[in-house]
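# A look at the structure
These are the residues of each chain, in order.
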Amino acid sequence: MEYLLHIFILIGIYIIAAASLNLVAGYAGLLSVAHAAFYGVGAYVVALMGLKLGVSFWVSLPCAMLAAALLGAVVAMPSLRLHDDYFVLATFGLQVIATSVMNNLVEFTGGPLGLPGIPQPTLFGITLSAHWQMLLLVWMLAALSFWVLCRLVRAPFGRVLRAIREDEVFTQSFGKSVTGFKVKAFVISAALAAVAGSLHAVYITFIDPTSFTVQESIFMLAIVIVGGAGNLWGSVIGAVVLVALPELLRFVGLPSAIAANVRQILYGSLLVVMMLWRPQGLLGEYRFD
Amino acid sequence: MNEVILECRNLIKTFDGIRAVDGVSLTVAPQQIVAIIGPNGAGKTTLFNLITGFLTPDAGSIYFKGRNITKLPPNKIAQLGLARTFQDLRLIHRLTVLENVLLARPNPLGETWYGAIFARWQKSELKEREIAMQWLQFVGLASQANELAGALSYGQQKLLTLACCLAFGADLLLLDEPVSGVAPATIEQLVDYIRQLPKMGKTVVFIEHNLEVVKQLVDWVVVMDEGKVISEGKWDVVSQDAKVLEAYLA
């Protein structure tokens, strides 16, 4: 039972991460592989504020969002002058730098050894340590994040993002500030990624740089693509598929020595198959051609 | 009240040593219909790109409604009341016909990120839809409102881009080859709509190769060749001008 709850908690966290990435990658068409950097900023801010300053989760969470938003703004402005492949490379650079900072600012971040013993959130004096309590917290924040994203994409704001994805010149010719919209989408996406990262930190109660690498960014992007870029519900389905599927392999009776590798093979093959058979993902409207 | 809505003074734009626009000066009065004609490569579309801010001139200046817009970015120029269509017919194919027109609407509620999250934009969206539908009705595309723009025929797409410019509320429309590649029935429709625009308070400058259309519509013709204006005036005068006949009409 605990195991099932664990899976659902992970799915909830990845829904927040993937749906927020979908806003920039799926709706605005900005293929970013830096999402785990913002996810990581969220995790580290909450962890450090909790461990070193004894700050409550409810205060450190908005701080984490703000930190990620600021980083997003600082990074967005130069990167968004670049297009297509060059933009992806710029985000790749950011991601690698972020992981490197986490690894090397040892006095601050604990370096490769990470930060153990992250305090769990408390609500009215109760520590949310049980899996079902964490599940409720994660799913409430997931629902809230999803609602915010739904509002954004259904409103004229979302329509402009989709137009930017298809034809920036046309969009500009009707008075929209294309760079302005891209920066705002990027910043909001970063802030929500930080929410996911914060939850990761207080759930696992231990973080280290290996959770916030390029591979993690690519995993989040895979969820967006498999579920469907340009469709928020796609990120929900994608998260379920990509989190649950490898776990199901546990029950297939593979010897544990090869199980981890088989999961990687499976996840890679799934991506290849999807790109060949249905590049727009299960529910998506956009394909990264 | 301005007697001049658009003024270009001595515009020069060079690409790799070739002067695509070579000292072009132009004046357009409000509520006129002006055509810019000339052979391919004359610099007509480059001139449009300079006026709309997609290119910056190497020399010269551009004034719109009395304001110097020479160095402004395209979106800021558009916001002053200038809309354009593109020679390669730009549209958002993956959005519906109605969504394309809604996109052109200026500053609807819910277009800012905080408005999208916190404001009650659904109601204002309904009003925007009504206005958008009115413009679609004007160009005869109301029944295709929910089709993807990419599914329309070429001629219908041209009508759609006109509807977008009108829904935007522009005072000056720059139309780049509005009837090229379009079936005769649709040409008649487009000519009919464009003819009505001055009465609606709008000014139109368009590039065209279809001289029949030019003859029917315009108050004033500007002829360009090799980056320069070689002649301008009323159609009857310009069409008899020897320079024009040699460069283009003959």
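Quick caveat: nothing in here was measured; it's all calculated off a predicted structure.

With that settled, the discussion passes to the overall build of chain B. Within chain B, the secondary structure is distributed over 10 helices and 10 strands. Projected onto the principal axes, the alpha-carbon positions of chain B cover approximately 60 × 40 × 40 Å. Relative to its 250 residues, chain B shows a buried fraction of 44%.

Residue and element names in this part refer to chain B. The 4 strands are arranged 2-1-4-5 in an open sheet whose pairing can be described as antiparallel. Every other strand in the sheet has two partners, leaving strand 2 (18-28) and strand 5 (67-68) as the edge strands with one partner each. Where strand 4 (residues 59-64) meets strand 5, 2 bridges bridge the pair, whose relative direction is antiparallel. Considered in strand 5, the bridge of Phe64 is made with Arg67.

On to the domain arrangement of chain B. All names here are of chain B. Domain parsing of chain B yields domain 1 (1-81 + 170-250) and domain 2 (91-169). For domain 1 and domain 2, the distance between their C-alpha centroids amounts to 26 Å. Facing the 10 residues of domain 1 at the interface are 10 residues of domain 2. Per element, the largest residue contribution to the side of domain 1 that touches domain 2 is 4 residues, and it comes from helix 7 (residues 184-196). The residue makeup of the side of domain 1 that touches domain 2, split by class, is 7 nonpolar, 3 polar and no charged.

Here we take up unusual backbone geometry. At Thr205(A), a position not held by glycine, the phi torsion is positive, near 60°. Looking at the secondary structure, you find Thr205(A) in the loop between helix 9 (178-204) and strand 4 (206-207). By C-beta crowding, Thr205(A) is classed as partly exposed, having 16 other C-beta atoms within 10 Å. In this structure, Asn10(B) takes a positive phi of about 50° despite not being glycine. For Asn10(B), the position within the fold is in strand 1 (residues 6-15).

All right, on to the pairing of strand 7 (residues 172-176) of chain B then. All names here are of chain B. The buried count for strand 7 comes to 5 of 5 residues, which makes it a mostly enclosed element. The alternating pattern of strand 7 places Leu172, Leu174 and Asp176 on one face and Leu173 and Leu175 on the opposite face, and all of these are buried. Here strand 6 (residues 82-84) pairs with strand 7 via 3 bridges, running parallel. Following the sheet pairing, Leu82 is matched in strand 7 by Leu172. Pairing of strand 7 with strand 8 (residues 203-207), which is carried by 5 bridges, proceeds in the parallel orientation. For Asp176, the partnering residue across the bridge sits in strand 8 and is Ile207. Once you follow strand 7 into helix 7 and on to strand 8, the crossover reads as right-handed.

Next up on the list: the interface of chain B and chain A. Each side of the interface is counted separately: chain B has 27 residues, and chain A has 23 residues. Within the residue set of the side of chain B that touches chain A, elements represented by two or more residues are helix 2 (74-79), strand 6, helix 3 (97-104) and helix 4 (113-118) of chain B. Per-class residue counts for the side of chain B that touches chain A are 16 nonpolar, 6 polar and 5 charged.

Moving on, we come to the sheet that holds strand 7 of chain B. Residue and element names in this part refer to chain B. Pairing is mixed across the open sheet formed by 6 strands, whose spatial order is 6-7-8-3-9-10. Each of the sheet's edge strands pairs with one partner strand only, and the pair in question is strand 6 and strand 10 (228-233). On average, each strand axis in the sheet is tilted by 15° relative to the strand beside it, whichever way the strands run. Here strand 9 (residues 220-225) runs beside strand 10; their pairing, made up of 5 bridges, is antiparallel. For Val223, the partnering residue across the bridge sits in strand 10 and is Ser231.

This part covers helix 4 (residues 84-104) of chain A. All names here are of chain A. Helix length check: helix 4 (21 residues) gives 31 Å between terminal C-alpha atoms against 30 Å at 1.5 Å per residue, within 8%. Taken together, the buried positions of helix 4 are occupied by Ala90, Thr91, Leu94, Gln95, Ala98, Thr99 and Met102. Each element contacted by the buried residues of helix 4 is listed here: helix 2 (35-53), helix 3 (57-79), helix 5 (106-109) and helix 10 (214-227).

Counting residues in hydrophobic clusters, the biggest one holds 172 residues, and the most contacted among them are Ala68(A), Ala194(A), Val101(B) and Ala163(B). When residues in this core are grouped by element, the largest group, 17 residues, is from helix 9 of chain A. Each of domain 1 (1-81 + 170-250) and domain 2 (91-169) of chain B accounts for three or more of the residues forming this core.

The relative placement of two packed helices comes down to the angle between their axes together with the axis-to-axis distance. Residues and elements named next belong to chain A. Running from amino to carboxyl end, helix 3 crosses helix 9 at an angle of 145°, the nearest separation of the two axes being 7 Å. Handedness of the helix 3/helix 9 crossing: right-handed. Listed contacts from helix 9 to Phe57, Leu61, Ala64, Met65, Ala67, Ala68, Ala69, Leu71, Gly72, Ala73, Ala76 and Met77 of helix 3 are Lys182, Val183, Phe186, Val187, Ala190, Ala191, Ala193, Ala194, Val195, Gly197, Ser198 and Val202. Looking at side-chain class alone, the contact of helix 3 with helix 9 contains 20 nonpolar, 3 polar and 1 charged residues.

All names here are of chain B. With respect to the helices, strands and loops of the structure, Leu11 is situated in strand 1. Accessibility expressed as a C-beta count within 10 Å gives 25 for Leu11, which makes it buried. With 198 residues separating them along the chain, Leu11 and His209 place their C-alpha atoms 23 Å apart. Once you skip the residues sitting within four places of it in the chain, Leu11 turns out to touch Val21, Val24, Leu50, Pro57, Gly60 and Ile62.

For the rest of this paragraph, the subject is the pairing of strand 1 of chain B. Residue and element names in this part refer to chain B. With 5 bridges connecting them, strand 1 and strand 4 associate as antiparallel partners. Bridged to Ile12 within strand 4 is Ala59. In textbook terms, the turn of a hairpin is the stretch between consecutive antiparallel strands, and for strand 1 and strand 2 this stretch comprises 2 residues, one of which, Asp16, has a positive phi near 50°.

To continue, consider the environment of Glu216(A). Residue and element names in this part refer to chain A. When you line up the elements, Glu216 lands in helix 10. Assessed through the 20 C-beta atoms surrounding it within 10 Å, Glu216 is described here as buried. Along the backbone, Glu216 and Leu266 are 50 residues apart, and their C-alpha atoms lie at a distance of 16 Å. In contact with Glu216, other than residues within four places in its own chain, are Ala36 and Ser211.

Conventions adopted
- Residues numbered from 1 in each chain as written.
- Chains lettered and ligands numbered in written order.
- Predicted model: local features only at pLDDT ≥ 70, side-chain atom pairs only at ≥ 80, totals over all residues.
- Helix = DSSP H or I, 4+ residues; strand = E, 2+ residues; numbered from the N terminus.
- Buried ≥ 20, exposed ≤ 12 C-beta atoms within 10 Å, placed from the backbone.
- Pairing = 2+ DSSP bridges.
- Domains from an automatic or database assignment.
- Contact = placed C-beta atoms within 7 Å.
- Nonpolar A, V, L, I, M, F, W, Y, C, P; charged D, E, K, R; others polar.
- Right-handed = clockwise from strand over helix to strand, strands pointing away.
- Axes fitted to C-alpha atoms, helices over the stretch in contact; angles between N-to-C directions.
- Expected span 1.5 Å × (residues − 1).
- Core = buried A, V, L, I, M, F, W, Y, C linked by C-beta atoms within 7 Å.
- Left-handed = near helix turned anticlockwise from the far one by under 90°.

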